[in-house]
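Residue strings, one per chain:
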Amino acid sequence: MPRGAPVCGPSPLPNGSAPTGDKFFQEYLDDAINCINQTGGFYDRCGKTCISDKYALRLHHHIDLEEVIYGKIFPVLIFLVVIANLTVAVVLSKKHMLSPTNVVLKYMAIADLLVGLVPLPWTLFYFTMGNYRQTEHMEIWWCYMAKFSMDAIPPIFHNIAMWLTVLLATQRYVSISYPFYSRHLCSVKNVRLATMIIMVVSLVCGFPKSIDLNYMLYEGWIFEGDGWSYTRNCLVGHTYVLKLVGMNTYYNLYFWTRAILFIIIPSILLIILNALLIKGIRKAEKRKNRLLRERRPREAAKQTDSNSTSVMLVIIVTIFLVVNLPQAFFMGILCVCETFKIRLHILDGLFPVVFLLVNNMLVMATYPINFWIYCVMSSSFRQTFKALFCKFRVVGTSIGNNTAIELSVAGSGRLSHQEMIESVTQFLAVPLLQMKRRLIGSTLITRTEVSQAYPPGTSTERTRRSDATSFMLLGENGENGSGPNTSRGETIYL
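Cut-offs used in this document
- Residues numbered from 1 in each chain as written.
- Predicted model: local features only at pLDDT ≥ 70, side-chain atom pairs only at ≥ 80, totals over all residues.
- Heavy atoms only, no water.
- UniProt positions renumbered as here; feature names shortened; annotations may be inferred.
- pLDDT = per-residue confidence, 0-100.
- Contact = heavy atoms within 4.5 Å.
- Pairing = 2+ DSSP bridges.
- Helix = DSSP H or I, 4+ residues; strand = E, 2+ residues; numbered from the N terminus.
- Patch = residues over 30% accessible without salt bridge, like charges linked within 9 Å, V, L, I, M, F, W, Y side chains within 5 Å.
- Areas by Shrake-Rupley, 256 points an atom, 1.4 Å probe, with all protein chains shown as cover.
- Salt bridge = Lys/Arg side-chain N within 4 Å of Asp/Glu carboxyl O.
- Axes fitted to C-alpha atoms, helices over the stretch in contact; angles between N-to-C directions.
- Parallel < 35°, antiparallel > 145°, perpendicular 65-115°, else oblique.
- Left-handed = near helix turned anticlockwise from the far one by under 90°.
- Nonpolar A, V, L, I, M, F, W, Y, C, P; charged D, E, K, R; others polar.
- Core = buried A, V, L, I, M, F, W, Y, C linked by side-chain atoms within 4.5 Å.
- Buried < 20%, exposed > 50% of the residue type's maximum accessible area, 1.4 Å probe, protein only.
- Phe/Tyr/Trp six-rings, centres within 6.5 Å; stacked < 30°, edge-to-face > 60°.

Naming follows an unreviewed UniProt entry, where the protein appears as G-protein coupled receptors family 1 profile domain-containing protein of Mesorhabditis spiculigera. Its UniProt record gives the protein a comment under Subcellular location (unreviewed entry), which states: "Membrane".

Now the structure itself:
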């Protein structure tokens, strides 16, 4: 329906169709039919011209389904993705979390986040707010916004995420299979360089989708084969670059590049690398068992941590493959059919629309799952997350006659040895006994040092630090029995 009086001819009926038997349409009906049959375009009644080099843009394909998925489900998913991936990026950005694996995981979280955030403004505006019902208010920016937020930009970030997953699996395989070479080959510097190359190549290969079409806003009466209708819509035309290269050549190059370079090859590599990682994990598990038999617990503990990280990455890669392999098959079939003019009836109906909608939502749903995988399988991630978002806490665990106290301090910069001692005395409200030294990571503190720094009862002001630091004091309760008395797993919030 027009916003006011139609630009030409009679006023349309409420559904946008033409009044029956109106002379305005009857005298040009033959010209309109000939236009459709000869060019496959449409006939512009107001301009009295046959338009064959442009077509009307479709902003939706199955509005009932898209309104539910894009208008209702998608915003909720994106909200979860934003919370989860921002949290992952913040935690992995801390200085003490710096490692080649964590660098890749952080960049993956950012790329996945942008895959969902870029389409969000359009889906909120068009589907959630119901503007698909008010096309009479359409402006030219609608068309460009739909183009770039739904079609041109998201595939670039998805391609980046695809190859970052390959980089992650490769880096981990080299680390567990060739640990000596991995220190130099898979350094943080080299991982960042590889990420930069992935970004540049993805941008270059995705750029052609941004310069293939141009738009103009049209309002008037058109004939498209199923009768006259009044419309206000964007007309899509080919840019000079597309005409110069040729439409078939242009799109075949773009879609085959995307299918082979960013979907099929990465998927095959991930399957191979995942199998190699599983094989490497089994070998590492045997090595850990040998170390335990040889009574080398410290080395066995390090091997356990390494195996846990590898298992975590195998799970992440497997989930990624499960939701992306169907898209790889679909893209391959589509490219073959378009290139060799093969017609499959399944591609003519609603199946492509439904498949892409469901697959896209499944891909988005896996992004928040990664956060929970990190929490469950990475102790360093859990500790840093708790230190950043749970303020200060003390965990006490009874071990026979000994009592272990772990203090997580959230705050700015790594704590020095003396600052750690001061932090302990600021939060422990129990008499401090002399303890034997116990090395936890790089932290060596005794209760004697703490007692000398701040005797019991000293009033100190609590300070917060930006970096998360965890350390443990292990000692035995003497005959005075004045040590902290906590049961296994009990958490004390201060």
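There is more to say after this.
(A) The arrangement of the confidence of the model for the protein in detail. Per-residue confidence for the protein gives a mean pLDDT of 79; residues scoring 70 or more make up 78%. In the predicted structure, residues 392–415 sits below a pLDDT of 50 and forms 108 contacts with residues beyond four places in sequence or in another chain. Note on residues 423–494: pLDDT is under 50 here. Beyond four places in sequence and across chains, it has 165 contacts.

(B) Molecular detail of the pairing of strand E4 (residues 213–223). Both strand E1 (residues 42–44) and E4 contribute to a ladder of two bridges, which runs antiparallel. Bridge pairing in E4 places Asp44 opposite Ile222. Between E4 and the antiparallel strand that follows it, strand E5 (residues 228–238), lie four residues; Gly225 among them carries a positive phi value of about 105°.

(C) A look at a nonpolar patch on the surface. Side chains of Ile333, Val336, Phe340, Ile342, Leu344, Ile346 and Phe351 sit close together on the surface and give an oily, nonpolar patch of about 610 Å² of accessible area. With respect to the secondary-structure elements, Ile333 resides in helix H12 (residues 297–339).

(D) Expanded view of the sheet that holds E4. Strand order in the open sheet made by the five strands is E2-E1-E4-E5-E3, with antiparallel pairing throughout. The outermost strands of the open sheet, each flanked by one partner alone, are strand E2 (49–51) and strand E3 (54–56). Within this sheet the neighbouring strands show an average axis-to-axis angle of 45°, counted without direction. Relative to E2, E1 runs antiparallel, the two being bridged by three bridges.

(E) Quick peek at the packing of helix H4 (residues 100–117) against helix H7 (residues 154–177). Packing of H4 against H7 brings their axes to within 9 Å, and their N-to-C directions diverge by 160°. Our classification of the angle between H4 and H7 gives roughly antiparallel. Of the two possible hands of crossing, H4 and H7 adopt the one that is left-handed. Across the interface between the two elements, Pro100, Thr101, Val104, Leu105, Tyr107, Met108, Ala111, Asp112, Leu114 and Val115 of H4 pack against Pro154, Phe157, His158, Ile160, Ala161, Leu164, Thr165, Leu167, Leu168, Gln171 and Arg172 of H7. Each residue belonging to the contact of H4 with H7 can be placed in one class, and the counts come to 15 nonpolar, four polar and two charged.

(F) View of the nonpolar core. Counting residues in each nonpolar core, the largest one holds 77 residues, and the members touching the most others are Leu59, Leu105, Trp122, Tyr126, Ile316, Met364 and Phe381. Looking at which element gives the most residues to this core, the answer is H7, with twelve residues. Residues in contact with Ile316, not counting those within four places in the same chain, are Leu105, Met108, Asn370, Ile373 and Tyr374. Counting residues in each nonpolar core, the second largest holds 13 residues, with Cys8, Phe25, Trp221 and Trp228 among its members.

(G) Looking closely at the pattern of salt bridges. The tally for this structure, following the rule as stated, stands at ten salt bridges. A salt bridge links Glu139 to Arg232, with the shortest nitrogen-to-oxygen separation between them at 3.7 Å. On the criterion of sequence distance, the pair formed by Glu139 in the loop between helix H5 (120–128) and helix H6 (140–152) and Arg232 in strand E5 is long-range, its members being 93 residues apart. Among the salt bridges present, the one from Arg232 reaches Glu219, with a minimum N-O distance of 2.8 Å. Separated by 13 residues along the polypeptide, Arg232 in strand E5 and Glu219 in strand E4 bring together distant segments of the chain. The class for Arg232 is buried, based on a relative accessible area of 12%. Each of Lys147, Asp151, Lys209 and Asp212 takes part in salt bridges that share partners, so that together they form one network.

(H) Region of interest: the pairing of E5. Buried residues dominate E5, accounting for nine of its eleven residues. Bridge count for E3 against E5 is three bridges, and the pairing is antiparallel. Note on E5: the bridge partner recorded for Tyr55 is Val236. The pairing of E4 with E5 spans eleven bridges and is classified as antiparallel. Note that in E5 the partner of Leu213 across the bridge is His238.

(I) Broad picture of the packing of aromatic side chains. Per the counting criterion, the structure on display carries 29 aromatic pairs. Centre to centre, the rings of Tyr70 and Phe127 are 5.5 Å apart; their planes meet at 35°, and the pair counts as tilted. Residue Tyr70 is found in helix H3 (residues 63–92), and its partner Phe127 is found in helix H5; the two are separated by 57 residues along the sequence. Ring geometry for Phe371 against Phe385: centres 5.7 Å apart, planes inclined by 70°, an arrangement best described as edge-to-face. Residue Phe371 is located in helix H13 (residues 351–377), and its partner Phe385 is located in helix H14 (residues 379–389); the two are separated by 14 residues in the primary sequence.

(J) Fine view of the UniProt feature "transmembrane region" (unreviewed entry) in the protein. Feature annotation in UniProt assigns "transmembrane region" (unreviewed entry) to the following positions: residues 73–92, 104–127, 193–211, 253–278, 311–333 and 353–376. Secondary structure within residues 73–92 divides into 100% helix and 0% strand; the distance between the first and last C-alpha atoms comes to 29 Å. From the first C-alpha to the last, residues 353–376 spans 36 Å; its make-up is 100% helix and 0% strand.

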